[in-house]
Amino acid sequence: MTHTPLSPRTRRRARSRRALLCAALLALTVQTTAVAPALAEGPGGRGGSDCVRTEGRLGGKARQVLDITRKAKKDLSLNAVQVRVTVDGREVLTDALGESMTGVPAEPGMHFRAGSVAFAHIGTALLKLVEERRVRLDDTVERWLPDLPQADRITLRMLASNTTGLHDYVTDPAFLEELVAHPFRAWTPEELVAYPLRHSFWYEPGTSWSYSHANYVYLVEALEKITGVRIDRLVREKVTGPLELRNTQNNFTPDIPRPVLHAFTSDRGLYEESTFWNPSWTTAPGAVITTDICDLARSAQAIGSGELLSPRSYRTLLNPGTVGLGGGTTTCPATICLKQTEEAHFGLGVIVVNNWIVQNPSFSGYAAIQAYLPSERLAIAVSATKTATTPEGNQAEVVAERIAAALAPGDPLGIS
């Protein structure tokens, strides 16, 4: 392994920059042996995988996407890249390049951590509950979250759209120091929200915009109390089940269903395997998901097109009132309270960038993006893992941007 030692202060600064980058883009038992894809079991004990490499001689757009992906893998010094592109739900290309780990080729059906993709699913589930008249977006949350400061002024809409003013624990230096020192630690929701609750709100709820993982920790708790259903089951009922995302699931432990795409990172100053670092800090229990590249492309298409929603709910998904909010103030710097514009803004668990509907998880050596362009019915899904020389940032975004530039040159993805 290549070693790139960093001082504790430099490590914290670097990690803070990575977490802030996620916001700046409008967002961010241990298994040690890989199983050969032909012998591996999928989720629920099913043998093999239904997510496989495109067969036959490639031509046209499929060849173009593959050539772009190969070049990007080399340019960005990536360990592995999984890619799937569809138009109107029809496959253009599904493939995987590189290695999961030494001697084990990457395959399209390998599972990886999907992080904030869960937020897109939760936002859609919330809107489904609104359509069923079980709750209203502008209901305040004091009945479900009595311990949340200003709960009588904070609404479900604000939690889902990141307009509460809560600090983000992911950018808190004290949290980052603990996370870097103990990557296998299991975090509870109470421990996570304790960090933002040490600070006053950035602004009065609903008056600006700032990304905070704490919002979705609280939103999950509220939804579970509203419905009496655990969040993984609620999302399965409302979103992933109807979409038949059979390889997308919550995990209450750091395990990943086989076959596994292994991850590596230099986050702690040396290049090391990070596949089974505990992801409990990323959001609330029940919403810590893994997926495969085929499910990710299907998620991009369904969420991005509003397939499960009424036209009114779909419009709310894309702009729940965030456009026009944000911008630096005397109490909130412009690097935190990012200006929300028509061209680039946060929706209800999704990011809208130049007409693309996106989610872009990146943590613990895993990077991915789901992106959908409604005008072209174009879905792009990319997952990537790192070598010791991979540049900082979510390089799956860079791969997706290059594919988008070729297939939809009039609509640049432009997120990285």
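All of these numbers come straight from a predicted model, not from anything done at the bench. (Residues numbered from 1 in each chain as written. Predicted model: local features only at pLDDT ≥ 70, side-chain atom pairs only at ≥ 80, totals over all residues. Heavy atoms only, no water.)

Here's the deal with the overall build of the protein
Piece 1. Counting secondary structure elements, the protein contains eleven helices and 14 strands.
Piece 2. Per-residue burial for the protein yields a buried fraction of 60% across its 416 residues. (Helix = DSSP H or I, 4+ residues; strand = E, 2+ residues; numbered from the N terminus. Buried < 20%, exposed > 50% of the residue type's maximum accessible area, 1.4 Å probe, protein only.)

A look at the packing of aromatic side chains
Piece 1. Applying the stated criterion across every chain yields a total of eleven aromatic pairs.
Piece 2. Each ring, one from Trp 209 and one from Tyr 211, has its centre 6.4 Å from the other, and the planes form 45 degrees; the classification is tilted.
Piece 3. Using a relative accessible area of 0% as the deciding quantity, one classes Trp 209 as buried.
Piece 4. On the numbers, 5.8 Å between centres and 70 degrees between planes, the contact of Tyr 211 with Phe 346 is edge-to-face. Separated by 135 residues along the polypeptide, Tyr 211 in the loop between helix H6 (189-194) and helix H7 (213-227) and Phe 346 in strand E9 (residues 344-346) bring together distant segments of the chain.
Piece 5. Given the relative accessible area of 7%, Tyr 211 is considered buried.
Piece 6. Overall, the relative accessible area of 0% leaves Phe 346 in the buried class.
Piece 7. What links up through ring pairs into an aromatic cluster is the set Tyr 169, Phe 175, Trp 187, Tyr 195, Trp 281 and Phe 363.
Piece 8. Lying across the ring of Tyr 195, Arg 198 places its NZ or CZ 4.5 Å from the centre. (Phe/Tyr/Trp six-rings, centres within 6.5 Å; stacked < 30°, edge-to-face > 60°. Lys NZ or Arg CZ within 6 Å of the ring centre and 35° of its normal.)

Considerations on unusual backbone geometry
Piece 1. That bond from Arg 258 to Pro 259 is cis: its omega, -5 degrees, falls within 30 degrees of zero.
Piece 2. Position of Pro 259 relative to the elements: it lies in the loop between strand E5 (249-250) and strand E6 (264-265).
Piece 3. Residues other than glycine seldom take positive phi values, yet Asn 354 does so here, at roughly 50 degrees.
Piece 4. Here Asn 354 shows up in the loop between strand E10 (351-353) and strand E11 (356-359).
Piece 5. The exposure class assigned to Asn 354 is partly exposed, which follows from its relative accessible area of 26%.

Considerations on the state of the cysteines
Piece 1. Taken as a whole and judged by the stated rule, the model has two disulfides.
Piece 2. The disulfide that involves Cys 51 links it to Cys 294, with 2.0 Å between the sulfurs. Its S-S torsion of approximately 80 degrees makes the covalent link between Cys 51 and Cys 294 right-handed. In this pair, Cys 51 sits in the loop between helix H1 (8-24) and helix H2 (60-75) while Cys 294 sits in helix H9 (residues 293-305), placing the two residues 243 residues apart along the sequence. For the pair shown, Cys 51 and Cys 294 are each scored as buried. (Disulfide = S-S within 2.5 Å.)

A short note on the packing of helix H3 (residues 117-131) against H9
Piece 1. Where H3 meets H9, the closest approach of the two axes is 11 Å, and the angle between their N-to-C directions is 40 degrees. The handedness of the crossing between H3 and H9 comes out as left-handed. Mapping the contact onto sequence places Val 117, Ala 120, His 121 and Thr 124 in H3 and Leu 296, Ser 299 and Ile 303 in H9. (Axes fitted to C-alpha atoms, helices over the stretch in contact; angles between N-to-C directions. Left-handed = near helix turned anticlockwise from the far one by under 90°. Contact = heavy atoms within 4.5 Å.)

Remarks on helix H11 (residues 395-407)
Piece 1. End to end, H11 covers 19 Å across 13 residues, agreeing with the expected 18 Å (1.5 Å per residue, within 8%).
Piece 2. For H11, the full list of buried residues reads Gln 395, Ala 396, Glu 397, Val 398, Val 399, Ala 400, Glu 401, Ile 403, Ala 404 and Leu 407.
Piece 3. Close packing links the buried residues of H11 with H2, strand E1 (78-87), E11, strand E13 (366-373) and strand E14 (378-386).
Piece 4. One side-chain oxygen at the N-terminal end of H11 lies 3.0 Å from the backbone nitrogen of Ala 396; it belongs to Asn 394. (Expected span 1.5 Å × (residues − 1). Polar contact = N/O pair within 3.5 Å; in protein donor to acceptor, adjacent residues only side chain to side chain.)

Remarks on the environment of Arg 134
Piece 1. Along the polypeptide, Arg 134 turns up in the loop between H3 and helix H4 (156-161).
Piece 2. Separated by 92 residues in sequence, Arg 134 and Ile 226 place their C-alpha atoms 8.2 Å apart.
Piece 3. In contact with Arg 134, not counting residues within four places along its chain, are Leu 129, Ile 226, Thr 227 and Lys 238.

Structural notes on the pairing of E14
Piece 1. Taken across its nine residues, E14 has nine buried, putting it largely inside the fold.
Piece 2. Where E1 meets E14, nine bridges bridge the pair, whose relative direction is antiparallel. In the strand pairing of E14, Val 83 is matched with Val 382.
Piece 3. Taken together, the eight bridges between E13 and E14 define a ladder with antiparallel strand orientation. (Pairing = 2+ DSSP bridges.)

Considerations on the nonpolar core
Piece 1. Core analysis: the largest hydrophobic core is formed by 125 residues, its most contacted members being Trp 356, Val 382 and Ile 403.
Piece 2. Residues contacting Ile 403, with those up to four places away along its chain left out, are Val 65, Ile 68, Thr 69, Val 83, Val 85, Ile 380 and Val 382. (Core = buried A, V, L, I, M, F, W, Y, C linked by side-chain atoms within 4.5 Å.)

What about the pattern of salt bridges?
Piece 1. For the structure shown, the criterion picks out 22 salt bridges.
Piece 2. Here Arg 53 and Glu 107 are joined by a salt bridge, their closest N and O atoms 3.1 Å apart. Here Arg 53 is found in the loop between H1 and H2, whereas its partner Glu 107 is found in the loop between strand E3 (104-105) and strand E4 (112-113), with 54 residues between them in sequence.
Piece 3. On the accessibility criterion, Arg 53 (32% relative accessible area) is partly exposed.
Piece 4. Owing to a relative accessible area of 22%, Glu 107 belongs among the partly exposed residues under this scheme. (Salt bridge = Lys/Arg side-chain N within 4 Å of Asp/Glu carboxyl O.)

Brief notes about the environment of Trp 281
Piece 1. Within the element layout of this structure, Trp 281 appears in the loop between strand E7 (272-273) and strand E8 (289-291).
Piece 2. Sequence separation between Trp 281 and Leu 192 is 89 residues, and the spatial gap between their C-alpha atoms is 7.0 Å.

Observations concerning H3
Piece 1. In a regular helix each residue adds 1.5 Å, so 15 residues correspond to 21 Å; H3 covers 22 Å between its end C-alpha atoms and thus fits that length.
Piece 2. Across the 15 residues that make up H3, a large majority, 13, are buried.
Piece 3. Directly beyond the C-terminal end of H3, a positive phi value near 60 degrees is found at Arg 133.

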